[in-house]
Amino acid sequence: MKKMIVILSLLFLAACQVESKETTASDSEEIKVENQDEEIILKNAPERAISLNQHVTEIMLALGLEDRMVGTAYLDDAIHPDFKDAYEKVPVLAEQYPSQENILAEEPDFIYGGWESAFQNEAAGSRKELEQFGIASYLHESSNKKNPQLEDIFQDIENIGKIFQEEDAAETLINEMQSKVQEIKKNIPDTEKKEVFVYDSGDSAPLTAGQNFLNTLIEIGGAENIFGDLNKGWATVSWEEVAEADPDEIIIIDYGDTSVEDKKTFLNNHSVMKELKAVKEEDFTVIPLSEASEGIRAPEALEKIVDGIY
Amino acid sequence: MKHKYLVPIPFLFAGLTAFLFLSFFASLMLGSASVPVNDVFGVLWKAAAGYSPADMTTYDHIVWSLRIPRTILALTVGAGLAIVGVAIQALVKNPLADPYILGVSSGASVGATLVILAGAFSFFGTYAVSGAAFLGALLTVVTVYILAQNRFKISVSRLLLSGVAVSMMLSALTSFLVMMNPREEGIQTALYWMLGSLSGAAFDELWLPVAVVALGYCFLHQSFRSLNVLVTDDATAQSLGLNIESFKAVIIIITALITGVLVAFSGAIGFVGLMIPHMARIIVGADHRVLLPASAMLGAVFMVLADIAARMLVAPEELPIGIVTAICGGPFFIWLLRRSNYVV
């Protein structure tokens, strides 16, 4: 078996070399994009793409690529209303991650994963393995690094634009997002920095945002996350620390089975939290989880944060 | 040692072999993607004729590159865990013993979680998770062994107790790693790993678990007499001329190596190593000459069937196989237990 693989791969390598010579001779219109320290090289823009995770699906749709998608999977909540029609044109492969078999059966040529888990064995499989099947892949870089900035999202959008040879659409989208952000920034009053506590979930101890994208948005919004100095994305902290910081505003993240009302009721009844000024004055801002992801919804989330705080 | 066989032994093994082949082909044909039967056999034909993977269609790839390797891994892991279970149960003379009793799975879990959640051991490259899991497993067994021995004599109860104690500490460490990284992307991956999964199987790595299980089987089978003696009390064993201390040490090393390799490839799949030896004993009795091959085959068949279920039950998504082995195997085992008058 091993011998056969070696021989086969040698043959394959030889075949590749011949091909690459040909292309350099005619014209070198290869698509090259840097992703996770590796270069993706494509001869043609993908025609049969699959997107995994909501925020990258929305980026694909915002670039108008729905006709070049053969599948999508894993929404956190409802798709952005602007892209509902486009979304319905694309087959949904599974509620969460489809198995590798199902993905291969669609004969994709490109897979765009939002989170690293999209490329786990139980989902699409490792990117290296996909390469062996002749499938290119891109991992949304801004979702997989510490302390992502708006620029990182723009870089991802630009890369996807390049890969699909839709650079203009990508530039338009980036400019649009940028001008929205500038517009919102004008509404930030020049007052003292407000302090914000992000409440994700948890009753005995709260799960909150450290240095993730929500923290970046809070900073752009001219406020300060009371746990912004924690050197990780999400962290479980204690109610004591929250009480000590006594934030001006509480951002509640909306997702899953616990409703926002339940979370508010919980805070209002918690023996320590109910004494905080933000809770007493009901200074709550609700952000759906999908808006806290590194995608096209960033300006909308920012607007809610700024409106909520000031 | 005399056992009244439900079926004559040759028939039993013929039946098990037939089952093995049936489940093997079923595993190639069933999965979340529906591959036409023609393609399933077509790919075997093409492989025999020396086709290159580059010429393969999508369906060929699904069968050749996904289903065949994972079916072979399922057979290997099932057989391997079952024979290790037999040997460990003989070693500690305790019906509750399984391949993980000496802390292999908890040690491996710490290694794997460290890689998945904290990005440790990156110098192993793509083998980081398997490598760290294997290292964690071996280090744990060595620790347990050292704790359990007293002037090179192994006391079984000390072995069991130190195994449990070390396992507890390591499980706490794994929980700690998970708790410190809430929401971290790797949590799901780590959970999948701990419950066990065969979906990572790939042809170019299969030789290692297959070789380890095959060699381990050969060793255990050729020492079936010693295993038969081991289940009696130590004094009898010694009077029958078995150097019991060194045999115990060898069994511990061999089973730790097999389990360590299997856990590195498939995660900590539960139930199989505990229950399959009992099932086999109910059917063929306690003579290791028959018990070992019967357990190996039962384990292999069971694991392949469980993997089919893991792929099919929530298709198009996939379940960790450890959930299937326990949920489907548990009731079957209880049924078998109630029907027979089996006492260990």
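Residues numbered from 1 in each chain as written. Chains lettered and ligands numbered in written order. Predicted model: local features only at pLDDT ≥ 70, side-chain atom pairs only at ≥ 80, totals over all residues. Heavy atoms only, no water.

## Details of empty space enclosed by the protein
Evaluation of the coordinates by the stated rule reveals 2 cavities of 30 Å³ or more. There is about 130 Å³ of room inside the largest cavity. Along its surface, the largest cavity is lined by 14 residues, and Gln-100 and Glu-101 of chain A together with Leu-66, Arg-70 and Glu-318 of chain B are the ones closest to its centre. Of all the secondary structure elements, the ones that give two or more residues to the lining of the largest cavity are helix 4 (100-105) of chain A together with helix 3 (58-92) of chain B. (1 Å grid on protein atoms, 1.4 Å probe; cavity = no way out; pocket = protein on both sides within 12 Å on 5 of 7 lines; lining within 4 Å. Points joined across faces, edges and corners; volume = space filled by probe spheres on them. Helix = DSSP H or I, 4+ residues; strand = E, 2+ residues; numbered from the N terminus.)

## Considerations on the domain arrangement of chain A
Residue and element names in this part refer to chain A. Each assigned domain of chain A is listed here: domain 1 (23-181) and domain 2 (190-309). Domain 1 and domain 2 are separated by 30 Å when their C-alpha centres are compared. Contacts between the two partners involve 24 residues from domain 1 and, on the opposite side, 20 residues from domain 2. Taking both partners together, domain 1 and domain 2 bury about 1,800 Å²; carbon and sulfur atoms supply 63% of that area. Notably, a salt bridge pairs Arg-297 with Glu-58, separated by 2.7 Å at the nearest N-O pair. Remark: the boundary between domain 1 and domain 2 carries 8 residue pairs in polar contact (both at pLDDT 80 or more). Among the elements of the structure, helix 2 (54-62), helix 6 (150-163) and helix 7 (167-186) are those that each provide at least two residues to the side of domain 1 that touches domain 2. The element best represented in the side of domain 1 that touches domain 2 is helix 2, accounting for 5 residues. For the side of domain 1 that touches domain 2, the per-class residue count stands at 12 nonpolar, 8 polar and 4 charged. (Domains from an automatic or database assignment. Contact = heavy atoms within 4.5 Å. Buried area = accessible area lost by both parts, 1.4 Å probe. Salt bridge = Lys/Arg side-chain N within 4 Å of Asp/Glu carboxyl O. Polar contact = N/O pair within 3.5 Å; in protein donor to acceptor, adjacent residues only side chain to side chain. Nonpolar A, V, L, I, M, F, W, Y, C, P; charged D, E, K, R; others polar.)

## Structural notes on the pairing of strand 4 (residues 69-73) of chain A
All names here are of chain A. Buried residues dominate strand 4, accounting for 5 of its 5 residues. With 4 bridges joining them, strand 3 (residues 49-52) and strand 4 adopt parallel strand pairing. Bridge pairing in strand 4 places Leu-52 opposite Ala-73. Between the parallel pair strand 3 and strand 4, the chain is carried across by helix 2, and the sense of this crossover is right-handed. As judged from the 2 bridges shared by strand 4 and strand 5 (residues 92-94), these two strands associate in the parallel manner. Its bridge partner being in strand 5, Thr-72 is matched across the sheet by Val-92. (Buried < 20%, exposed > 50% of the residue type's maximum accessible area, 1.4 Å probe, protein only. Pairing = 2+ DSSP bridges. Right-handed = clockwise from strand over helix to strand, strands pointing away.)

## As for the packing of aromatic side chains
Scanning the model with the defined rule gives 14 aromatic pairs over all chains in all. A ring pair is formed by Tyr-112 of chain A and Tyr-138 of chain A, whose centres lie 5.5 Å apart and whose planes are at 75°; its orientation type is edge-to-face. Here the residue Tyr-112 of chain A occupies a position in strand 6 (residues 110-113), and Tyr-138 of chain A occupies one in strand 7 (residues 136-139), the gap between them amounting to 26 residues. On the basis of relative accessibility, which here comes to 0%, the residue Tyr-112 of chain A falls in the buried class. Judged by centre distance (5.6 Å) and plane angle (85°), the rings of Phe-24 of chain B and Phe-25 of chain B are edge-to-face. For Phe-25 of chain B, a relative accessible area of 28% puts it in the partly exposed group. Joined through ring pairs, the aromatic side chains of Phe-197, Tyr-199, Phe-227, Trp-239 and Phe-266 of chain A make up one cluster. Over the face of the ring belonging to Phe-119 of chain A we find Arg-127 of chain A, whose NZ or CZ atom lies 5.6 Å from the ring centre. (Phe/Tyr/Trp six-rings, centres within 6.5 Å; stacked < 30°, edge-to-face > 60°. Lys NZ or Arg CZ within 6 Å of the ring centre and 35° of its normal.)

## As for the packing of helix 6 of chain A against helix 7 of chain A
Residue and element names in this part refer to chain A. Taken N-terminus to C-terminus, the directions of helix 6 and helix 7 make an angle of 160°; their axes are 7 Å apart at the nearest point. Classed by the angle they form, the pair helix 6 and helix 7 counts as roughly antiparallel. At the point where helix 6 passes helix 7, the crossing takes the right-handed sense. Across from Leu-150, Phe-154, Ile-157, Glu-158, Gly-161 and Lys-162 in helix 6, the residues of helix 7 making contact are Glu-167, Ala-170, Leu-173, Ile-174, Met-177, Gln-178 and Val-181. Of the residues that constitute the contact of helix 6 with helix 7, the class distribution is 8 nonpolar, 2 polar and 3 charged. (Axes fitted to C-alpha atoms, helices over the stretch in contact; angles between N-to-C directions. Parallel < 35°, antiparallel > 145°, perpendicular 65-115°, else oblique. Left-handed = near helix turned anticlockwise from the far one by under 90°.)

## Overview of a nonpolar patch on the surface
All names here are of chain B. Nonpolar side chains collect at one region of the surface, where Leu-173, Phe-176 and Met-180 lie side by side and expose about 280 Å² of accessible area between them. Note that Met-180 resides in the loop between helix 6 (156-179) and helix 7 (186-195). Looking at Met-180, the relative accessible area reads 38%, which means it is partly exposed. (Patch = residues over 30% accessible without salt bridge, like charges linked within 9 Å, V, L, I, M, F, W, Y side chains within 5 Å. Areas by Shrake-Rupley, 256 points an atom, 1.4 Å probe, with all protein chains shown as cover.)

## What to know about the pairing of strand 3 of chain A
Residue and element names in this part refer to chain A. Every second residue of strand 3 is oriented toward a common face, with Ala-49 and Ser-51 on one face and Ile-50 and Leu-52 on the other, all of them buried. Inspection of the sheet shows strand 3 paired to strand 6 by 4 bridges, in the parallel sense. Considered in strand 6, the bridge of Ile-50 is made with Ile-111.

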